[in-house]
Amino acid sequence: MASIPSNYEINVAKKRNKDDEYGIHYCRIELSDTFRENAEEKLKFIREKFGDEFNVTMTYWECCGHKIEV
């Protein structure tokens, strides 16, 4: 049976003003769960590449199933 894998999602948003907390969606980068050990390093690298003009955040989506006994 197929399942939805857990993964990391890095969201990048372009700020309108330098002091904005949020911004306009620019792109989404998905990292598989295999990056568990270095996901934070990847986030730091991407933040450095995009700079202060972008807001870069990361979410971990944990997908799991529960067996139902009938």
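Look up a bit, the structure's there.
Parameters and conventions
- Residues numbered from 1 in each chain as written.
- Predicted model: local features only at pLDDT ≥ 70, side-chain atom pairs only at ≥ 80, totals over all residues.
- Heavy atoms only, no water.
- Core = buried A, V, L, I, M, F, W, Y, C linked by side-chain atoms within 4.5 Å.
- Buried < 20%, exposed > 50% of the residue type's maximum accessible area, 1.4 Å probe, protein only.
- Helix = DSSP H or I, 4+ residues; strand = E, 2+ residues; numbered from the N terminus.
- Expected span 1.5 Å × (residues − 1).
- Arc of directions from axis to C-beta.
- Contact = heavy atoms within 4.5 Å.
- Pairing = 2+ DSSP bridges.
- Axes fitted to C-alpha atoms, helices over the stretch in contact; angles between N-to-C directions.

**Student:** Looking at this structure, how should I read the nonpolar core?
**Tutor:** A general feature of soluble globular proteins is that nonpolar side chains tend to end up buried together. If you look at the biggest cluster of nonpolar residues, it comprises nine residues: Tyr 8, Ile 10, Val 12, Leu 31, Ala 39, Leu 43, Ile 46, Phe 54 and Val 56. If you list the elements that add at least two residues to this core, you get strand 1 (7-14), helix 1 (39-50) and strand 3 (54-61).

**Student:** Is there a simple way to explain helix 1 in this structure?
**Tutor:** Think of an α-helix as 3.6 residues a turn; residues three or four steps apart then line up on the same face. With 12 residues, helix 1 extends 17 Å between its outermost C-alpha atoms, agreeing within 8% with the 16 Å of an ideal straight helix rising 1.5 Å per residue. Listed in full, the buried residues belonging to helix 1 are Ala 39, Leu 43 and Ile 46. With its buried residues spanning 65° around the axis, helix 1 presents them on a single face. Opposite the buried face of helix 1, at more than 90 degrees from it, the exposed residues are Glu 40, Glu 41, Lys 44 and Glu 48. Elements that come into contact with the buried residues of helix 1 comprise strand 1, strand 2 (24-32) and strand 3. Just beyond helix 1, the residue with positive phi is Gly 51, at close to 75°.

**Student:** Honestly, the sheet that holds strand 3 in this entry has me stumped. Any pointers?
**Tutor:** Pairing between the strands of a sheet is mediated by backbone hydrogen bonds and can be parallel or antiparallel. Strand order across the open sheet formed by three strands is 2-1-3, with antiparallel pairing between neighbours. One side of each edge strand has no neighbouring strand; the edge strands of this open sheet are strand 2 and strand 3. On average, adjacent strands in this sheet sit at an angle of 20° to one another, irrespective of strand direction. Here strand 1 pairs with strand 2 via eight bridges, running antiparallel. The residue bridging Ile 10 from the neighbouring strand is Ile 29, located in strand 2.

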